[in-house]
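# Observations on the three-dimensional arrangement
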Amino acid sequence: MKSIFRKILLLACSIVLIIIVVKWDLIRYGWQQGKGQFTIMYKAKPLEFYLGSSNYPDSLKQKIRLVQEVKFFAQTELGFESEGQYQKMFDQQGKELMWVVTAAYPYQLESYEWKFPILGKVAYKGFFIEKEALRLEQEMKTQGYDVRLRTASAWSTLGWLNDPLLSNVLTYDTGRLAELIFHELTHDKIFIKDSVDFNENLASFFGQEFTKMFFEHQKIKFKPAYESYLAQLQDRHHLNQFVREYLPKFDSMYERIDGFSTTEKENQKYYFFEKFRKELSQERFKSSKYAEFPSSQIEINNAYLLSFRRYSGHQQLLEQELKVQFNGDILKMLNFYQENFNSL
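The rules behind each value
Residues numbered from 1 in each chain as written. Predicted model: local features only at pLDDT ≥ 70, side-chain atom pairs only at ≥ 80, totals over all residues. Heavy atoms only, no water. Helix = DSSP H or I, 4+ residues; strand = E, 2+ residues; numbered from the N terminus. Buried < 20%, exposed > 50% of the residue type's maximum accessible area, 1.4 Å probe, protein only. Contact = heavy atoms within 4.5 Å. Areas by Shrake-Rupley, 256 points an atom, 1.4 Å probe, with all protein chains shown as cover. Lys, Arg positive; Asp, Glu negative; His and termini not counted. Charge placed at Lys NZ, Arg CZ, Asp CG, Glu CD. Phe/Tyr/Trp six-rings, centres within 6.5 Å; stacked < 30°, edge-to-face > 60°. Lys NZ or Arg CZ within 6 Å of the ring centre and 35° of its normal. Core = buried A, V, L, I, M, F, W, Y, C linked by side-chain atoms within 4.5 Å. 1 Å grid on protein atoms, 1.4 Å probe; cavity = no way out; pocket = protein on both sides within 12 Å on 5 of 7 lines; lining within 4 Å. Points joined across faces, edges and corners; volume = space filled by probe spheres on them. Nonpolar A, V, L, I, M, F, W, Y, C, P; charged D, E, K, R; others polar. Pairing = 2+ DSSP bridges. Axes fitted to C-alpha atoms, helices over the stretch in contact; angles between N-to-C directions. Parallel < 35°, antiparallel > 145°, perpendicular 65-115°, else oblique. Left-handed = near helix turned anticlockwise from the far one by under 90°. Patch = residues over 30% accessible without salt bridge, like charges linked within 9 Å, V, L, I, M, F, W, Y side chains within 5 Å. Salt bridge = Lys/Arg side-chain N within 4 Å of Asp/Glu carboxyl O. pLDDT = per-residue confidence, 0-100.

### Description of the overall build of the protein chain
Within the protein chain one finds 13 helices and eight strands. Overall, the C-alpha framework of the protein chain stretches about 80 × 60 × 45 Å when taken along its three principal axes. Buried positions account for 44% of the 344 residues belonging to the protein chain. For the protein chain, the proportion of contacts with a sequence separation of at least 24, taken over those separated by at least 6, is 73%. Carbon and sulfur atoms form 54% of the exposed surface of the protein chain, whose accessible area is close to 19400 Å². Here the protein chain carries 45 positive and 43 negative side-chain charges, and the mean point of each set is 5 Å from the other.

Right, dumping it as structure tokens:
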């Protein structure tokens, strides 16, 4: 009997060891992410700590109160169960905290996807350790992918945990900060497995609509901020539309060069991106945030272009859906997605 038990135990240990070896990268990544999130949550302090501190700048206290107002609006007007969210804040002391890597195939507008338990396929990979993000960036470039590395200002545990506020977002203007909170709270309500682009488009759409609702409820108090936000939103839609209309041209170009040699493909790709940059530089934006965008030194590649599809590729369809299917009632639209899509 003992011999059989030992054999079963040995077999079980062997299976566990094999799983660890095969899935080591995923286990190591999960450990790093869990450790990073736990550290931030553990070190985060209640918002009242900062509001009650005589050493904390009044301008930043004002932004903390804004977050509280946005949360209250989300609860009372939108039906969000957001009471536990953003009750605490982690002080970044001006330093970056999170990095996100996205990648795309070099000669087609298709994202590289990582697969995770529960979440499914995801077209980005986040890190709390910069050198790990840089390592993955270089690894993907070596494999020939177009890669984009950016910082992130927030993350969502999809309502499973109470997420802390990250202090760097307090430097955002009023509209951008309000939209960020609404965006992340939407992820708590709706997040569908294997549908990253849809999830981000939906959160962006609801984030914008809820921000406008929030300002409309307090027009006098937030009049300058609302006007600034609408101007930025107009420029954002202008930029998104410009890129969206260009994406089919990139698709056609990549189809045309499919049989070319790698050198010829690179040359055609280079000239097409130069054409894109030149035409973008001729676009004019009104708000100060976007005024210098056409001349900025942003690295533009397939991964960068796909970020527009990920966050705004379905915006026009969602706007049409709100108008036609829900008669402009954003709450009906929100309830529809909550009731008819399997959220995590």
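On we go from here.
### Description of the packing of aromatic side chains
Any pair of aromatic rings gets described here by the distance separating the centres and the angle formed by the planes. One pass over the full model with this rule turns up 36 aromatic pairs. Between Phe73 and Phe214, the aromatic rings sit 5.6 Å apart at their centres with planes inclined by 80 degrees, giving edge-to-face as the arrangement. Of this pair, Phe73 sits in helix H4 (residues 58-76) while Phe214 is found in helix H7 (residues 196-217), placing the two residues 141 residues apart along the sequence. Taking the relative accessible area as the measure of exposure, Phe214 reaches 1% and is therefore buried. Considering the side-chain rings of Tyr246 and Phe272, the 6.0 Å spacing of their centres and the 75 degrees angle between planes classify their relative orientation as edge-to-face. Of the two residues, Tyr246 sits in helix H8 (residues 223-256) while Phe272 sits in helix H9 (residues 262-281), which places them 26 residues apart along the sequence. This pair shows no difference in class: Tyr246 is buried, exactly as Phe272 is. A cation sits over an aromatic face here: Arg176 above Tyr172, 3.6 Å from the ring centre. The aromatic ring of Phe272 is capped on one face by Lys275, whose charged end is 5.7 Å from the ring centroid.

### Thoughts on the nonpolar core
Counting residues in hydrophobic clusters, the biggest one holds 44 residues, and the most contacted among them are Leu165, Phe206 and Met333. Among all residues touching Phe206, those that are not within four sequence positions of it are Thr186, Ile190, Ile330, Met333, Leu334 and Tyr337. Counting residues in each nonpolar core, the second largest holds 27 residues, with Tyr29, Ile40, Val122 and Phe127 among its members.

### What to know about empty space enclosed by the protein
Counted according to the given criterion, the structure contains one cavity of 30 Å³ or more. Every residue lining the largest cavity is listed: Tyr86, Ser153, Ala154, Trp155, Asp163, Pro164, Leu165, Leu166, Val169, Leu180, Ile181 and Glu184. Taken together, the elements giving at least two residues each to the lining of the largest cavity come down to strand E8 (165-166) and helix H6 (174-189). Here the lining of the largest cavity takes three residues from H6, the largest share from any one element. In the lining of the largest cavity, the residues fall into nine nonpolar, one polar and two charged.

### Some points on the sheet that holds E8
Ordered by their spatial adjacency, three strands build an open sheet running E1-E2-E8, and the pairing between neighbours is mixed. Looking at which strands have only one partner, the edges of the open sheet turn out to be strand E1 (45-46) and E8. Sheet topology note: the strand E2 (residues 88-90)/E8 ladder contains two bridges and is parallel. Across the sheet, residue Phe90 finds its bridge partner in E8, namely Leu166.

### A few points about the packing of H7 against helix H13 (residues 330-340)
Two elements in contact, H7 and H13, have axes separated by 11 Å at closest approach and are oriented at 150 degrees. Here H7 lies roughly antiparallel to H13, going by the angle between them. Once H7 is placed against H13, the crossing between them reads as left-handed. Side by side, H7 and H13 meet where Phe198, Leu202, Phe205, Phe206, Glu209, Phe210 and Met213 of the first sit next to Ile330, Met333, Leu334 and Tyr337 of the second.

### Things to note about a nonpolar patch on the surface
Together, Ile118, Trp160 and Leu161 make up a nonpolar patch on the protein surface, roughly 330 Å² of accessible area in all. Structurally, Trp160 can be placed in the loop between strand E7 (146-152) and E8.

### Observations concerning the confidence of the model for the protein chain
When pLDDT drops low, the exact placement of atoms in the prediction is not to be read closely. For the protein chain, the average pLDDT comes to 87, and 90% of its residues sit at 70 or higher. Mean pLDDT values over the elements of the protein chain span from 42, in helix H1 (residues 2-22), up to 97, in helix H3 (residues 47-51).

### What about the sheet that holds E7?
Ordered by their spatial adjacency, three strands build an open sheet running E6-E3-E7, and the pairing between neighbours is antiparallel. Looking at strand neighbours, the two that pair on one side only are strand E6 (125-127) and E7, the edges of this open sheet. The mean inter-strand angle of the sheet, taken between neighbouring strand axes irrespective of direction, is 25 degrees. Both strand E3 (residues 98-104) and E6 contribute to a ladder of three bridges, which runs antiparallel. In the strand pairing of E6, Val101 is matched with Lys125. Helix-sheet contacts for helix H5 (residues 130-142) involve E3, E6 and E7, and the interaxial angle to E7 is about 165 degrees.

### A closer look at the pattern of salt bridges
Counted under the stated rule, the structure contains 12 salt bridges. Between Arg236 and Glu179 there is a salt bridge, and its shortest N-O distance comes to 2.8 Å. A residue pair is termed long-range when its members are at least 10 positions apart, and Arg236 in helix H8 and Glu179 in helix H6 qualify at 57 residues. As far as the burial class goes, Arg236 and Glu179 line up, both buried. Among the salt bridges present, the one from Lys219 reaches Glu216, with a minimum N-O distance of 3.3 Å. Each member of the salt-bridge network shares a partner with another, and the members are Glu132, Arg135 and Glu139.

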